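# Structural features, examined
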Amino acid sequence: MRGLLFTPSVPRYVAAKLLGKRYPPRALSLQLATLPEPERPPGFERLKVRLAGICGSDLALLYGKQAPTLSGMFSFPAVLGHEILAELGGVRVAVNPVLACLERGLPDCPACARGDDHLCLNVAEGNFGPGMLGFCKDLGGGWAQRMVAHRERIFPIAEGVPDERAVLTEPAAVVLHGLRQAWGEGRSRANPHTHRVGWPAQVLVIGAGTIGLLAVKMLRVLGFQGPLFAVARHPRQAELARLFGANQVFPSTQEAQQAAQARRYRGILGSLSWRGGFEGVVEASGSPAGLQEASWAVQEGGRVLLLGAPATAFHDFSPYWFREIGLIGSYAYSWDDFAQTVGLLPEMSGVEQMVTHQFALEAWPEAIKTAVRRRGIKVVFKP
């Protein structure tokens, strides 16, 4: 079978990190390879991949933007791709790529025992190499024609849900979990009757890529009825943000702050500080600048949800102690979050419009170029 194999190379890593978008995709540490059919460990099923998304974390890995401190949590060479829509016996399924104690053949760690398997303490232990599907040397991801996944991580997709919506299950689960982390408490196997949400009075979403737009949509699907605002750089992103439920869209965070009647103060060396803002802010741009803007866009005593991945960056932490701001990070999702996201797909009409480009595996250089230069919103492979 064919698959896209990532094999780390320090010289290419350094060159990609220095040149960024100017680095030619064909020079990346990625190649289309002929691979053996995946072996099926006990408890796993062999799947045919229908669609697999290109995530910002995939691009960060390829272009040297991922924090080096995380490298011990993944293993390579590996077939990438963790946003996966596949087929099992002719049935469409979404794949939860987490490899926790269950898959690794280990007794439940404390995190897995309480239902937080995405925080598994054994993510680098057990039967397989470190990492989730798409970042694990022993189990390939979705950038291939076929793959294997544990049957407990395979979720059938309801009829009537388009493929282009179903392939967004994984990033939508990231958003669902993050919103619960910041402002609510959801059901879990440990606490099946708990489901409380304490929404902020108003929310600003910074960034209108895949995660930001899904955050706008998910807020409305989960029942947030307050004022919802978004920052989007491009006209199509702004259009979709409004379609998904944003009351108003701004081209910059500063314009959003001014509309919220936040007060701006100028300090030495042209520095800016703010009073007032939004009670809740979702940072979804994944950039160091976006996180800095979020720390000043949230009002005193408010909370910032970090869904983007700015990695290593210089950051001014003054707003957090001076304005008593809470910062909540969210990386993945529990089994229950993923399962509920699959159940919510019929209510998430329209998000399939975010899938703007589909490429065969053979066209991977053009797919990567389209994604890294942001010519579309969500770029996917169709093996």
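Residues numbered from 1 in each chain as written. Predicted model: local features only at pLDDT ≥ 70, side-chain atom pairs only at ≥ 80, totals over all residues. Heavy atoms only, no water.

## Examining unusual backbone geometry
Phe76 connects to Pro77 through a cis peptide bond whose omega is 5°. With respect to the helices, strands and loops of the structure, Pro77 is situated in the loop between α2 (56–62) and β4 (78–79). The backbone of Gln261 sits at a positive phi, close to 65°, despite the residue not being glycine. Tracing the backbone through its elements, the reader meets Gln261 in the loop between α9 (253–259) and β14 (263–266). With a relative accessible area of 68%, Gln261 lands in the exposed category. (Helix = DSSP H or I, 4+ residues; strand = E, 2+ residues; numbered from the N terminus. Buried < 20%, exposed > 50% of the residue type's maximum accessible area, 1.4 Å probe, protein only.)

## Side note on the side chain of Asp58
Mapped onto the elements of the fold, Asp58 is located in helix α2. No salt bridge is formed by the buried Asp58, whose closest oppositely charged neighbour, Lys378, lies at an N-O distance of 6.9 Å. (Lys, Arg positive; Asp, Glu negative; His and termini not counted. Salt bridge = Lys/Arg side-chain N within 4 Å of Asp/Glu carboxyl O.)

## Things to note about the pattern of salt bridges
Tallied over the full model, the rule gives 17 salt bridges. Across the pair Glu45 and Arg151 runs a salt bridge whose closest N-O atoms are separated by 3.2 Å. Of this pair, Glu45 sits in strand β3 (residues 44–53) while Arg151 sits in the loop between β7 (146–150) and β8 (154–156); the two residues are 106 residues apart in sequence, bridging distant segments of the chain. Residue classification places Arg151 among the partly exposed residues on the basis of a relative accessible area of 44%. Notably, a salt bridge pairs Glu300 with Arg323, separated by 3.0 Å at the nearest N-O pair. Within this pair, whereas Glu300 is found in strand β17 (residues 298–306), its partner Arg323 is found in the loop between α11 (318–322) and β18 (326–329), the two being separated by 23 residues in sequence. Looking at Glu300, the relative accessible area reads 28%, which means it is partly exposed. A relative accessible area of 2% places Arg323 in the buried class. The structure contains a network of salt bridges with shared partners spanning Arg50, Glu87, Arg92 and Asp163.

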